[in-house]
Amino acid sequence: MGIYDFYRRDVTEEAMAEMPTAGAAVTADTAPPVAAGGEKTRSSAPLPVSQDKPAALKLIREDIGDCTRCRLHKGRTKLVFGVGNVNAELMFIGEGPGADEDAQGEPFVGRAGQLLNNMISAMGLKREDVYIANVVKCRPPGNRTPEKDECDTCSPFLMRQIEVIRPKVIVALGAVAAKNLLAVNDSMANLRGRWYDFKDSKLLVTYHPAYLLRDPRQKKEAWKDLQMAMKYLGLEPPKKPSAE
Ligand code: SF4
């Protein structure tokens, strides 16, 4: 997969070319106000601090149960709750489960998941260091985009997960996640390349790994986004292995 080649050079098209050729709905009343300078902020009351994050997440999972709250339950094999480090400083949020995720009950385990793993490695982290979830927890039929009402129905669970994990940085993967989290309808070109305040976290938007699989030319842009997160989190790319 050329993971090392992904990061050992400066941000170049070649570096991105070495990568494998790879939200929770909010309603209008929660739309973030636009602050001075164009940065969008989400005002909210202080979040309750959970002392026992695994227990808090377990409670959310129990509340979801064998969910039939929206039509997506009909085609579901396994509900995909989310996975990762409950103390993660970095959280990735995608759109919804695909076929592999539906079969295994874990987000980002297919080809797009492999690319996401490589992106995480390029940031100097392991998949186990971050937390990964989706806007909707059941696979939309035929991998279609989840409908607004499906996102609206499922989103409170993701919001609770975010409030428990309280990551420093949230990376919204793709337009669907970004638009649902930020309650805006804008192009990826406008959504990317800036920070948003989201609850107690900073949020940025980048391309969904599945999109990068379809259009590898955009990997260099995605790498720029990830570098923003790395800078904020004080992360360094892993050192190049010694030739000795
Ligand atoms: S997508 Fe969410 S709200 Fe819809 S059935 Fe699945 S868990 Fe329930």
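The preceding data block contains the structure.
Reading the values: the criteria
Residues numbered from 1 in each chain as written. Predicted model: local features only at pLDDT ≥ 70, side-chain atom pairs only at ≥ 80, totals over all residues. Heavy atoms only, no water. Helix = DSSP H or I, 4+ residues; strand = E, 2+ residues; numbered from the N terminus. Buried < 20%, exposed > 50% of the residue type's maximum accessible area, 1.4 Å probe, protein only. Areas by Shrake-Rupley, 256 points an atom, 1.4 Å probe, with all protein chains shown as cover. Phe/Tyr/Trp six-rings, centres within 6.5 Å; stacked < 30°, edge-to-face > 60°. Core = buried A, V, L, I, M, F, W, Y, C linked by side-chain atoms within 4.5 Å. Expected span 1.5 Å × (residues − 1). Salt bridge = Lys/Arg side-chain N within 4 Å of Asp/Glu carboxyl O. Axes fitted to C-alpha atoms, helices over the stretch in contact; angles between N-to-C directions. Parallel < 35°, antiparallel > 145°, perpendicular 65-115°, else oblique. Contact = heavy atoms within 4.5 Å. Nonpolar A, V, L, I, M, F, W, Y, C, P; charged D, E, K, R; others polar. Pairing = 2+ DSSP bridges.

Student: How do you make sense of the overall build of the protein chain when you look at a structure like this?
Tutor: Helix and strand content of the protein chain: 10 helices and 6 strands. Within the protein chain, the proportion of its 244 residues that are buried is 49%. Roughly 11,400 Å² of accessible area belongs to the protein chain as shown, and the carbon and sulfur atoms make up 49% of that amount.

Student: Help me understand the packing of aromatic side chains, please; the structure alone is not making it clear to me.
Tutor: The geometry of an aromatic ring pair comes down to the distance between the two centres and the angle between the two planes. All told, the structure shown has 2 aromatic pairs when counted by the stated rule. A centroid spacing of 5.2 Å and a plane angle of 45° characterise the contact between W195 and Y232, whose relative ring orientation is tilted. Of this pair, W195 sits in the loop between α8 (188-191) and β5 (196-198) while Y232 sits in helix α10 (residues 219-233), and the two are 37 residues apart along the sequence. Overall, the relative accessible area of 43% leaves Y232 in the partly exposed class.

Student: Which parts of the structure should I look at to understand the nonpolar core?
Tutor: Proteins that are soluble and globular tend to have nonpolar side chains buried together. In this structure, L90, M91, F92, I93, L181, L203 and V205 are the most contacted members of the largest nonpolar core, which totals 66 residues. If one sorts the elements of this core by residue count, helix α6 (residues 148-165) sits on top with 8 residues.

Student: Explanation requested: helix α5 (residues 111-122) in the structure shown.
Tutor: Think of an α-helix as 3.6 residues a turn; residues three or four steps apart then line up on the same face. If you check α5, its first and last C-alpha atoms are 17 Å apart, about what 12 residues at 1.5 Å a residue would give, namely 16 Å. Buried within α5 we find A112, G113, L115, L116, N118, M119, I120 and A122. Trailing α5 by a residue or two, G124 shows a phi angle of about 90°, which is positive.

Student: Looking at this model, I keep getting lost on the pattern of salt bridges. Mind explaining?
Tutor: Where side chains of opposite charge bring their charged atoms close, a pairing between them can arise. Scanning the entire structure with this criterion turns up 16 salt bridges. Of the charged contacts in the structure, one is a salt bridge between E89 and K168, with a shortest N-O distance of 3.3 Å. Highlighted residues: E89 in the loop between β1 (83-84) and β2 (90-94) and K168 in the loop between α6 and β4 (169-173), separated in sequence by 79 residues. Residue D215 is joined to R217 by a salt bridge in which the shortest nitrogen-to-oxygen separation is 2.9 Å.

Student: Looking at this structure, I do not really get unusual backbone geometry. What am I missing?
Tutor: It is generally the case that most residues other than glycine have a negative phi and that most peptide bonds are trans. With a phi close to 55°, F108 is a non-glycine residue in the positive phi region. Relative to the helices and strands, F108 is located in the loop between α4 (99-104) and α5. Here N143, not a glycine, exhibits a phi torsion of approximately 60°, which is positive. The topology assignment puts N143 in the loop between β3 (131-134) and α6.

Student: Honestly, the packing of helix α3 (residues 53-64) against α6 in this entry has me stumped. Any pointers?
Tutor: To describe two helices that pack against each other, one gives the angle between their axes and the distance between the axes. Running from N to C, α3 and α6 cross one another at 175°; their axes reach a closest spacing of 9 Å. Taken together, the axes of α3 and α6 are roughly antiparallel relative to one another. Listed contacts from α6 to K53, A56, L57, L59, I60, D63 and I64 of α3 are F157, R160, Q161, V164 and I165. Class assignment for the residues of the contact of α3 with α6 results in 8 nonpolar, 1 polar and 3 charged.

Student: Before we go on, may I ask you to explain the pairing of β3 in this structure?
Tutor: A regular strand carries its side chains on alternate faces of the sheet. Side chains Y131 and A133 project from β3 onto one buried face, and the interleaved I132 and N134 project onto a second face that is buried too. Two elements, β1 and β3, share 2 bridges in a ladder whose sense is antiparallel. What sits directly across from G84, in β3, is Y131.

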